[in-house]
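An overview of the molecular structure
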Amino acid sequence: MSRLLGAIATCAFMLLVLSPAGAVDPDEMLDDPALETRAREISQNLRCLVCQNQSIDDSNADLARDLRVIVRQRLVAGDSNEEVLQYIVDRYGDYVLLTPPVRGSTYALWFGPVVILLVAGGALLIAARRRRNRPAADALTVDEQARLSELLDGKREND
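Residues numbered from 1 in each chain as written. Predicted model: local features only at pLDDT ≥ 70, side-chain atom pairs only at ≥ 80, totals over all residues. Heavy atoms only, no water.

**A few points about the overall build of the protein**
- When helices and strands are tallied, the protein shows six helices and zero strands.
- Along the protein, helices (α) and strands (β) appear in the sequence α-α-α-α-α-α when read from the amino end.
- Buried positions account for 21% of the 159 residues belonging to the protein.
- For the protein, the share of sequence-separated contacts (at least 6 apart) that also reach a separation of at least 24 residues comes to 50%. (Helix = DSSP H or I, 4+ residues; strand = E, 2+ residues; numbered from the N terminus. Buried < 20%, exposed > 50% of the residue type's maximum accessible area, 1.4 Å probe, protein only. Contact = heavy atoms within 4.5 Å.)

Here you go:
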């Protein structure tokens, strides 16, 4: 039983040690805890344009650091969270948002995978039906069967 508890404790420790801690440097952090909390919330919703599948809060890329600094500067200047996000989107486009809005310019992003999946499923369904409806190969005639037997027997003798 103690081995099991030891293993669980070790796993828990490893998860704590290996979990992402974020890439925010202490020199970037704001002195006001409320503003820093807002900055972290905004940063977690912005995509690192270098890493692409990480938020700028988790990325160590220089561009992500620059974006984190811009977010904090805008908050210190008195912008609301929405104004900060809009400022960043105006400069980098909807792609910078980890969850872009559903609108005409992002339909392909939102609905493209579903359309591709439906088209692929339809193609597989059509292929399966064609394979099922393919006429069966005609059986060999008696003469063809005899000739095949002769050829196979001759081959066996040569081996």
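**Considering the confidence of the model for the protein**
- Across the protein, the average pLDDT comes to 82, with 81% of residues at or above 70.
- Between the elements of the protein, mean pLDDT differs from a low of 52, seen in helix H1 (residues 2-18), to a high of 93, seen in helix H4 (residues 81-92).
- Under a pLDDT of 50 for its full length, residues 11-21 has, in the predicted model, one contact with residues more than four places off or in other chains. (pLDDT = per-residue confidence, 0-100.)

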